[in-house]
Amino acid sequence: QVQLVESGGGLVQAGDSLRLSCAASGRAFNTLSMAWFRQAPGKEREFVAGISWTGNTIIYTESVKGRFTISRDNAKDTVYLQMNTLKPEDTATYYCAARALAGISLSRRDTYDYWGQGTQVTVSL
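Not measured: the values here are computed from a predicted model.

*Asks:* Hey, could you run me through the state of the cysteines in this one?
*Replies:* Disulfide: a covalent bond connecting the sulfur atoms of a pair of cysteines. Across all of its chains, the model carries one disulfide by this definition. A sulfur-sulfur separation of 2.1 Å characterises the disulfide bridge that pairs Cys 22 with Cys 96. Note on the Cys 22 and Cys 96 pair: the S-S dihedral is about -80°, so by sign convention the disulfide is left-handed. You can see Cys 22 sitting in strand E3 (residues 18–25) and its partner Cys 96 sitting in strand E9 (residues 92–99), a full 74 residues away along the chain. Judged by its relative accessible area of 0%, Cys 96 falls in the buried class.

*Asks:* Is there a simple way to explain the nonpolar core in this structure?
*Replies:* Buried together is how nonpolar side chains tend to be arranged in soluble globular proteins. In terms of nonpolar packing, the biggest core is built from 28 residues, with Leu 4, Met 34, Trp 36, Val 79, Leu 81, Met 83 and Tyr 94 touching the most fellow members. Put simply, the parts of the chain that give this core at least two residues each are E3, strand E4 (33–39), strand E5 (46–51), strand E7 (68–73), strand E8 (78–83), E9 and strand E11 (119–124). Membership of the second largest hydrophobic core comes to six residues, among which are Ala 35, Phe 37, Phe 47 and Ala 97.

*Asks:* Can you help me understand the sheet that holds E7 in this one?
*Replies:* To summarise the sheet geometry, strands pair through backbone hydrogen bonds and adopt either a parallel or an antiparallel arrangement. Ordered by their spatial adjacency, four strands build an open sheet running E1-E3-E8-E7, and the pairing between neighbours is antiparallel. Looking along the sheet, the strands with just one partner apiece sit at the ends: strand E1 (3–7) and E7. For this sheet the average axis-to-axis angle between neighbouring strands, irrespective of direction, equals 15°. Taken together, the five bridges between E1 and E3 define a ladder with antiparallel strand orientation. Looking across to E3, one finds that Gln 3 is bridged to Ser 25.

*Asks:* Hey, could you run me through the pattern of salt bridges in this one?
*Replies:* Any two side chains of opposite charge can pair if their charged atoms end up close together. Counted by the stated rule, this structure contains six salt bridges. Ionic pairing is found between Arg 67 and Asp 90, a salt bridge with its closest N-O pair at 2.8 Å. Here Asp 90 lies in the loop between E8 and E9 and Arg 67 lies in the loop between strand E6 (58–60) and E7, a separation of 23 residues in the sequence. Between Arg 108 and Asp 110 there is a salt bridge whose closest N-O contact spans 2.8 Å. Members of the salt-bridge network, linked through shared partners, are Arg 38, Glu 46, Arg 67 and Asp 90.

Definitions and limits used
Residues numbered from 1 in each chain as written. Predicted model: local features only at pLDDT ≥ 70, side-chain atom pairs only at ≥ 80, totals over all residues. Heavy atoms only, no water. Disulfide = S-S within 2.5 Å. Helix = DSSP H or I, 4+ residues; strand = E, 2+ residues; numbered from the N terminus. Buried < 20%, exposed > 50% of the residue type's maximum accessible area, 1.4 Å probe, protein only. Core = buried A, V, L, I, M, F, W, Y, C linked by side-chain atoms within 4.5 Å. Pairing = 2+ DSSP bridges. Axes fitted to C-alpha atoms, helices over the stretch in contact; angles between N-to-C directions. Salt bridge = Lys/Arg side-chain N within 4 Å of Asp/Glu carboxyl O.

Structure (structure tokens):
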């Protein structure tokens, strides 16, 4: 079993930055691939960014490329999402996810076994 706890959300203005953190426990962190998803009201939960357990594979959804950066610190059992130049359309609840599965695209929501409780990000004009 893996427990995930997100933090770092908040209310910011367009153009500002935020850094989300997700602390993992319960299983060797360096065996887990990690990802961030987000869900806006009335919309499906969508993939934002993913990083493999080695950190060698990183992918982003198109809308955040060049603005968001996912990273991990295996010594701290934590994955981060640095979000720069935030836009109102980035407003959503952001969820951290983890899986032990390898060899399948990091963007596949249905492949993740463990989810955090979510942290709200609100971007105003």
